[in-house]
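The primary structure of each chain is shown beneath.
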Amino acid sequence: RYDKRITAITAAMSSGTGLNKFAKQYPERFFDVGIAEQHAVTCAAGMAADGLRPVVAIYSTFMQRAYDNVLHDVCMQNLPVTFALDRGGLVGADGPTHHGVFDFCFMRHIPNLTMVAPRNEIELKRAMLSASGSTSPYAYRYPRGAGMNLEEPESITPFEPASAELMRPGTDATIVALGPCVYTALGAASALAAKNYNIGVVDARFLKPLDKETIAACAQKSGAIITLEENVLAGGFGSAVMEELEQRDIVTAVKRIGLPDMFVEQGTQDELRQMYGLDLEGVTDTVRNFLITIHAHKNRNSYGK
């Protein structure tokens, strides 16, 4: 909290990223570089190389502009720069240009980078603390909108590396989700329990590195994995989970729930989530239909034998 090495950098988003208070209290450690995301990232790399601990706060969608700088200037040098990716996921009325639905794809394959997606404001604080203690690049992604007004714990502890959290055990399938999608997954599991389905839920927390042991254990126990993310499916979190299962030669049914290969139009967050099947009803229906398909396939194989 009182680390004088911490600096804050943004690219004409001081108000949107909530840095106005920091800028007022610590003007000598705040830098708004204007609409120049590439410069913001490379500037942070220079500060980190000189012993500072810069935090680059930029909307997820605009971090795409600085991809090369993230890769070459920060991650290749393995510098302790923190990326605060604001407005991750569907953002609503700002329109197609502002949806932060590509960052999972273009961040997860960069070496030396850790990336987490907290499910609520308390977990976000834990991510911030984890990033402040990291000696390597660290990114955390959070959505547009208000927090959940959760009661503040007595102390905030950093994450253990690659530590998912089992929110609900299950034997029929496990939904592995990231960010606020965890709550949609929990709602779907509860709704399906009324139909005699026993669905587990895991908050993956980490996009990279994955908690490989937890995901593998859930796949082997339940025999089916559903991934849930507010990101495009092509190369996203679900792809990362499938890659890990393939690496371990784990044969299991997998269903990925996320956004299609297209640019999402303008609309409120609720409207868009309903449109793309990311709301509670849509996720519940997708999971139920997936389980029905698995059950029918097993019955056909049994009959054939």
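Look a little higher up for the structure.
For every chain, the first residue of its written sequence is number 1, and the numbers climb from 1 along that sequence. Per-residue local features are limited, in this predicted model, to residues with pLDDT of at least 70; the limit for side-chain atom pairs, both in listing and counting, is 80 or more; totals at the level of whole chains, interfaces and linings are taken over all residues. Here the side-chain values reflect all heavy atoms present in the structure, with hydrogen atoms and water set aside.

K.L.:
Before we move on, could you go through the packing of aromatic side chains and cite the residues and values that matter?
P.N.:
Only Phe, Tyr and Trp rings are paired, with Trp represented by its six-membered ring, and only when their centres lie within 6.5 Å; those with planes under 30 degrees apart are stacked, over 60 edge-to-face, the remainder tilted. Overall, the coordinates contain 6 aromatic pairs when judged by the stated rule. Between F102 and F263 the ring centres are 6.2 Å apart and the planes differ by 65 degrees, which places this aromatic pair in the edge-to-face class. On the criterion of sequence distance, the pair formed by F102 in the loop between β4 (82–86) and α5 (103–107) and F263 in the loop between β12 (253–259) and α10 (269–275) is long-range, its members being 161 residues apart. We call a residue buried when its accessible area falls under 20% of the maximum for its residue type, exposed when it is over 50%, and partly exposed in between, using a 1.4 Å probe and counting protein chains only. For F102, a relative accessible area of 26% corresponds to the partly exposed category. A ring pair is formed by Y140 and Y142, whose centres lie 6.3 Å apart and whose planes are at 35 degrees; its orientation type is tilted. Y142 matches Y140 in its accessibility class, with the two residues each being buried. Looking at R29, its charged tip hangs above the ring of Y26, at a distance of 4.4 Å from the centre. Runs of E in the DSSP output that reach at least two residues are strands. Runs of H or I that reach at least four are helices, and both are numbered from the N terminus. Here, over-ring charges are defined by two tests on the NZ atom of lysine or the CZ atom of arginine: distance to the ring centre within 6 Å, and angle to the ring normal within 35 degrees.

K.L.:
If you had to explain the packing of helix α2 (residues 37–49) against helix α4 (residues 67–75) to someone new, which residues and values would you point to?
P.N.:
A fitted line through C-alpha atoms serves as each axis, taken over the contacting stretch for helices, and the angle formed by two N-to-C directions is quoted from 0 to 180°. Their axes nearest at 9 Å, the elements α2 and α4 cross at an angle of 10 degrees. The pairing of α2 with α4 is recorded here as roughly parallel in orientation. Contacts from Q38, V41, T42 and A45 of α2 reach α4 at N69, V70, D73 and V74. Residues are sorted three ways: Asp, Glu, Lys and Arg are charged, Ala, Val, Leu, Ile, Met, Phe, Trp, Tyr, Cys and Pro are nonpolar, and all the rest, Gly among them, are polar. For the contact of α2 with α4, a count of residues per class yields 4 nonpolar, 3 polar and 1 charged. What sets the label is the angle itself: under 35 degrees gives roughly parallel, over 145 gives roughly antiparallel, 65 to 115 gives roughly perpendicular, and the rest give oblique. Here, two residues are considered to be in contact whenever any of their heavy atoms come within 4.5 Å of each other.

K.L.:
Explain the side chain of R141 to me, and be specific about the residues and the numbers.
P.N.:
Among the secondary structure elements, R141 is positioned in strand β6 (residues 138–141). Judged by relative accessible area, which is 7%, R141 ranks as buried. N or O atoms within 3.5 Å of each other form a polar contact, as long as, within protein, one can give a hydrogen and the other can take it, and as long as residues adjacent in sequence are counted only when both atoms are side-chain atoms. Of note is the side chain of R141, whose polar atom sits 3.1 Å from the backbone oxygen of E230. Separated by 3.4 Å, the side chains of R141 and N231 make a polar contact.

K.L.:
For the sheet that holds strand β7 (residues 165–168), give the residues involved together with the corresponding values.
P.N.:
By the convention used here, strands pair only if DSSP detects at least 2 bridges between them. Pairing is mixed in the open sheet, where 5 strands are placed in the order β7-β9-β8-β11-β12. The two strands at the open ends of the sheet, each matched to only one other strand, are β7 and β12. Neighbour-to-neighbour, the strand axes of the sheet open up by a mean angle of 25 degrees, direction not taken into account. Here 6 bridges tie strand β11 (residues 224–232) to β12, and the two strands are oriented parallel to one another. Looking at the pairing, I225 lines up with V254 of β12. With respect to the sheet, helix α9 (residues 237–247) is in contact with β8 (173–177), β11 and β12, its orientation differing from that of β11 by roughly 145 degrees.

K.L.:
If you had to explain the environment of A11 to someone new, which residues and values would you point to?
P.N.:
With respect to the secondary-structure elements, A11 resides in the loop between β1 (6–10) and α1 (20–25). Taking the C-alpha atoms as reference points, A11 and I35, separated by 24 residues in sequence, lie 5.1 Å from one another. Sequence-distant contacts of A11, defined by excluding residues within four places in its chain, comprise D32, V33, G34, A36, E37, A57 and I58.

K.L.:
Could you give me a rundown of the side chain of N69, with the residues and numbers involved?
P.N.:
Following the sequence through the fold, N69 ends up in helix α4. Given a relative accessible area of 12%, N69 falls into the buried group.

K.L.:
Can you lay out unusual backbone geometry for me, pointing to particular residues and giving the numbers?
P.N.:
The omega torsion across K208 and P209 is -10 degrees, close enough to zero to call that bond cis. Note on placement: P209 falls in the loop between β10 (206–208) and α8 (212–222). Not every positive phi belongs to a glycine, and N112 is a case in point at roughly 75 degrees. Of note, N112 is situated in the loop between α5 and β5 (114–116). Under the relative-accessibility criterion, N112 is labelled partly exposed at 41%. Non-glycine residue R205 carries a positive phi angle of around 60 degrees. Judged by its relative accessible area of 9%, R205 is buried.

K.L.:
Please give an account of the nonpolar core that cites residues and values.
P.N.:
Counting residues in hydrophobic clusters, the biggest one holds 47 residues, and the most contacted among them are V56, M63, F83, M107 and F237. Of all the elements in the fold, those that place two or more residues in this core are α2, β3 (53–59), α3 (60–63), α4, β4, α5, α8 and α9. Element by element, the count of residues in this core is highest for α2, at 6 residues. Take the buried residues of types Ala, Val, Leu, Ile, Met, Phe, Trp, Tyr and Cys, join any two whose side-chain atoms come within 4.5 Å, and each joined set is a nonpolar core. In this structure, V101, L192, I226 and I294 belong to the second largest nonpolar core, which totals 29 residues.

K.L.:
Give me the sheet that holds β10: which residues, what numbers.
P.N.:
Within a sheet, adjacent strands bond to each other through the backbone by hydrogen bonds, running parallel or antiparallel. Read across the sheet, 7 strands follow the order β2-β1-β3-β4-β6-β5-β10 without closing on themselves; strand pairing throughout is mixed. Taken across any chain shown, the strands that pair with only one partner, and hence form the sheet edges, are β2 (30–32) and β10. In this sheet, adjacent strand axes meet at a mean angle of 20 degrees when their direction is disregarded. As paired strands, β5 and β6 are joined by 3 bridges and run parallel to one another. Residue pairing across strands places T114 opposite Y138, the latter belonging to β6. Contacts from α2 reach β1, β2, β3 and β4 within the one sheet, and its direction differs from that of β3 by about 165 degrees.

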